[in-house]
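Letter by letter, the chains look like this.
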Amino acid sequence: MTINNHRGTSGVGTYAIQISKLFGAEAIAAVGTPEKGKRLLSIGADHLVYYREEDVISRVVEITGGEGVDIVLNSVGGDTVQKSIDMLRPGGTLVIIGVVAGSEARVMPRRAYIKGIVITGTAGGNRWELAEALEMVRRGRIEPIIYREYGFEEIPEAHRELEEGRVIGKLLIHVSKR
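What this report covers is the structure whose coordinates are included nearby. Residue indices begin from 1 for each chain and proceed along its sequence in written order. In keeping with the model being predicted, local features are shown solely for residues with a pLDDT of at least 70 and side-chain atom pairs are shown and tallied solely at 80 or more, while totals for entire chains, interfaces and linings include all residues. Water and hydrogen atoms were dropped before computing side-chain values, which therefore reflect all heavy atoms in the structure.

## Remarks on the pattern of salt bridges
Counted as salt bridges are all cases of a side-chain nitrogen of Lys or Arg within 4 Å of a carboxyl oxygen of Asp or Glu. For the structure on display, the rule yields 13 salt bridges. Across the salt bridge formed by Glu 54 and Arg 59, the nearest N and O atoms sit 3.3 Å from each other. Via salt bridges that share partners, Arg 148, Glu 154, Glu 157, Glu 161, Glu 164 and Arg 166 belong to a single interconnected network.

## Concerning the environment of Lys 83
Here Lys 83 is to be found in helix 4 (residues 80-87). With 26 residues separating them in the primary sequence, Lys 83 and Ile 57 have C-alpha atoms 6.5 Å apart. Helical segments are the DSSP runs of H or I of at least four residues, strand segments are the runs of E of at least two, and each set is numbered from the N terminus.

## Section: the side chain of Asn 4
Here Asn 4 lies in strand 1 (residues 2-5). The class for Asn 4 is buried, based on a relative accessible area of 1%. Contact definition: two residues touch when any of their heavy atoms are within 4.5 Å. Apart from the residues within four sequence positions on either side, Asn 4 is in contact with Ile 28, Ala 29, Val 60, Val 69, Ile 71, Val 72, Leu 73 and Met 87. Buried, partly exposed and exposed residues are distinguished by accessible area as a fraction of the type maximum, computed with a 1.4 Å probe on protein chains only: under 20%, between the cut-offs, and over 50%, respectively.

## Details of the pairing of strand 7 (residues 146-151)
A pair of strands is considered paired only if DSSP assigns at least 2 bridges between the two. Pairing of strand 7 with strand 8 (residues 170-174) involves five bridges; the strand directions are parallel. Opposite Tyr 150, over in strand 8, you have Ile 173 as the bridge partner. The handedness rule is simple: strands pointing away from the viewer, and a clockwise path from the first strand over the helix to the second, make the crossover right-handed. Between the parallel elements strand 7 and strand 8, the chain passes through helix 7 (residues 155-163) in a crossover that is right-handed.

## A few points about the nonpolar core
We call a set of buried residues a nonpolar core when its members are Ala, Val, Leu, Ile, Met, Phe, Trp, Tyr or Cys and they connect through side-chain atoms within 4.5 Å of each other. With 14 residues, the main nonpolar core has Val 60 and Val 69 as its most contacted residues. Residue assignment for this core shows that the elements contributing at least two residues are helix 3 (56-63), strand 4 (69-74), helix 4 and strand 5 (88-96). Beyond its immediate stretch of four places on either side in the chain, Val 69 contacts Thr 2, Asn 4, Ile 28, Val 60, Thr 64, Met 87, Leu 88 and Arg 89. By size, the runner-up hydrophobic cluster in this structure holds eleven residues, among which are Ala 27, Ala 45, Ile 145 and Ile 168.

Structure representation (structure tokens):
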């Protein structure tokens, strides 16, 4: 099984790489810089696609030997929805987990139905899934990737770092004094 993750350096992306590996999947992650790529390789990514330099679809298809991936985790939305469909193998699944680039997408449904693609979405898990995820962290099977911790008064700085694309993993905001 192969899984492509459009935002490998996000908090969800770093978790998805690790969970993919726990279940024996091959993890492909999109990344912007070699420095970020090194970090993703260290947590289990098998392949990196440098979305600023490479044609993502061509690279993913090349990595999979022309087959395409089984699953795409898309938290970007916008123009990447059709790209996700195009990189899936026949019978693959597109899971939309966010729309940071925009909630509107131009999609060619014919490509999806000819390939038998399943398109689904989720806004998050339920309490049992959360409990299971926390148990994996407690047992050391998943490592939460924390970029940095901020005080409540530092939220503008945290937001600036997100906008500048410096963050790998999650930011922690403390709402009370430490």
